[in-house]
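Residue-level structure breakdown
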Amino acid sequence: MEFENIAKQFVDHYYNTFDTNRGALAGLYRENSMMTFQSDKKLGAATIAQKLAELPFQKVKHEIRSFESQPTPNDGIIILVAGALLVDEEQNPLNYAQTFQLVKDPAGAWFLFNDIFTLLV
């Protein structure tokens, strides 16, 4: 199914970019995008980019353990990712879950409408 291919490409791109240059993620969001990061809600691409830039670590490596995707109304895609991440020099991985909703803008380009991240402690 096409939505599964798009979801896989998105997940690979998102985490590769996050791990190497998280500032470049700003282009995935729009002014009506919302991110919730550990209960901290941010609205709009600029505010989300600022939140990502201010995260209190320099190095990060995500390990995707599983992800699932489904189509949503109006040709959107919802994606659930479960994994672990290592930050800076930490040796013990932190488990996380992240949910994304991808939708198309008026020009037909995919963007992140919703992004919800939580550590599983």
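This text gives an overview of the structure that appears in the document. (Residues numbered from 1 in each chain as written. Predicted model: local features only at pLDDT ≥ 70, side-chain atom pairs only at ≥ 80, totals over all residues. Heavy atoms only, no water.)

Some details on the overall build of the chain
What counts here: Numbering of helices and strands runs from the N terminus, with a helix taken as a DSSP run of H or I at least four residues long and a strand as a DSSP run of E at least two residues long. Our radius of gyration looks at C-alpha atoms and nothing else; its globule reference is 2.2 Å times the residue count to the power 0.38. We call a residue buried when its accessible area falls under 20% of the maximum for its residue type, exposed when it is over 50%, and partly exposed in between, using a 1.4 Å probe and counting protein chains only. Throughout, a residue-residue contact means that at least one pair of heavy atoms, one from each residue, lies within 4.5 Å. Accessibility throughout is a Shrake-Rupley quantity obtained with a 1.4 Å probe, and a residue counts as covered only by protein chains that appear here. Here Asp and Glu are counted as negative and Lys and Arg as positive; His is not counted, and neither are the chain ends. Note on charges: their place is set at NZ of Lys, CZ of Arg, CG of Asp or CD of Glu.
Within the chain one finds two helices and six strands. Beginning at the N terminus, the succession of helices and strands in the chain can be written as α-β-β-α-β-β-β-β. Taking 2.2 N^0.38 as the reference for a compact globule, 121 residues should give roughly 14 Å; the C-alpha atoms of the chain span a radius of gyration of 14 Å, in line with that estimate. Expressed along its principal axes, the backbone C-alpha trace of the chain runs to roughly 40 × 30 × 25 Å. Across the 121 residues in the chain, those meeting the buried criterion constitute 40%. Intrachain contacts of the chain at a sequence separation of at least 6 include 44% that bridge at least 24 residues. For the chain, the accessible surface area stands at approximately 7100 Å², while carbon and sulfur atoms represent 53% of it. Between the centroid of the 10 positive side chains of the chain and the centroid of its 15 negative side chains there is a distance of 3 Å.

Quick word on the sheet that holds strand E5 (residues 94-104)
We count it as follows: Here a strand pair is declared whenever DSSP counts at least two bridges between the two strands. With axes taken as lines fitted to C-alpha atoms, and helix axes fitted only over the stretch in contact, angles between N-to-C directions fall between 0 and 180 degrees.
Pairing within the open sheet is mixed, and its six strands lie in the order E2-E1-E6-E5-E4-E3. Every interior strand has two partners, whereas the edge strands, strand E2 (40-43) and strand E3 (60-72), have only one. Neighbour-to-neighbour, the strand axes of the sheet open up by a mean angle of 15°, direction not taken into account. Sheet analysis places strand E1 (residues 29-37) next to strand E6 (residues 110-119), joined by five bridges and oriented parallel. Along E6, the bridge assignment pairs phenylalanine 37 with phenylalanine 117. Contacts from helix H1 (residues 2-21) reach E1, E3, strand E4 (76-87), E5 and E6 within the one sheet, and its direction differs from that of E3 by about 155°. Those strands touched by helix H2 (residues 45-53) are E1 and E2, and its axis lies near 40° from that of E1.

Thoughts on the nonpolar core
The tendency in soluble globular proteins is for nonpolar side chains to be buried as a group. Formally: To define a nonpolar core, start from buried Ala, Val, Leu, Ile, Met, Phe, Trp, Tyr and Cys residues and group those joined through side-chain atoms within 4.5 Å.
Ranked by size, the top nonpolar core spans 29 residues in total, and within it Phe10, Tyr14, Tyr29 and Ile79 carry the most contacts. Counting residues per element, the ones that place at least two in this core are H1, E1, H2, E4, E5 and E6. With eight residues, H1 is the single largest residue contributor to this core. Residues contacting tyrosine 29, with those up to four places away along its chain left out, are Tyr14, Met35, Ala45, Ile48, Leu52, Leu112 and Asp115.

Some words on H1
One turn of an α-helix holds 3.6 residues; hence residues three or four places apart share an orientation. We apply this condition: Given a helix with a known number of residues, its expected span is that number minus one, times 1.5 Å.
The end-to-end C-alpha distance of H1 is 28 Å, a good match for the 28 Å that 20 residues give at a rise of 1.5 Å each. Buried positions along H1 lie against E1, H2, E3, E4, E5 and E6.

Notes on the pattern of salt bridges
Spelled out, the test is: A carboxyl oxygen of Asp or Glu within 4 Å of a side-chain nitrogen of Lys or Arg is what we treat as a salt bridge.
The tally for this structure, following the rule as stated, stands at six salt bridges. With a closest N to O distance of 3.6 Å, aspartate 40 and lysine 42 form a salt bridge. According to the relative accessible area criterion, aspartate 40 is partly exposed, its value standing at 27%. Judged by its relative accessible area of 22%, lysine 42 is partly exposed. One salt bridge in this structure joins lysine 51 and aspartate 40, with 3.1 Å as the shortest N-O distance. Of the two residues, lysine 51 sits in helix H2 while aspartate 40 sits in strand E2, which places them 11 residues apart along the sequence. A residue is classified by how much of its surface remains accessible, and lysine 51, at 18% relative accessible area, is buried. Residues joined by salt bridges that share partners form a network here, namely Asp40, Lys42 and Lys51.

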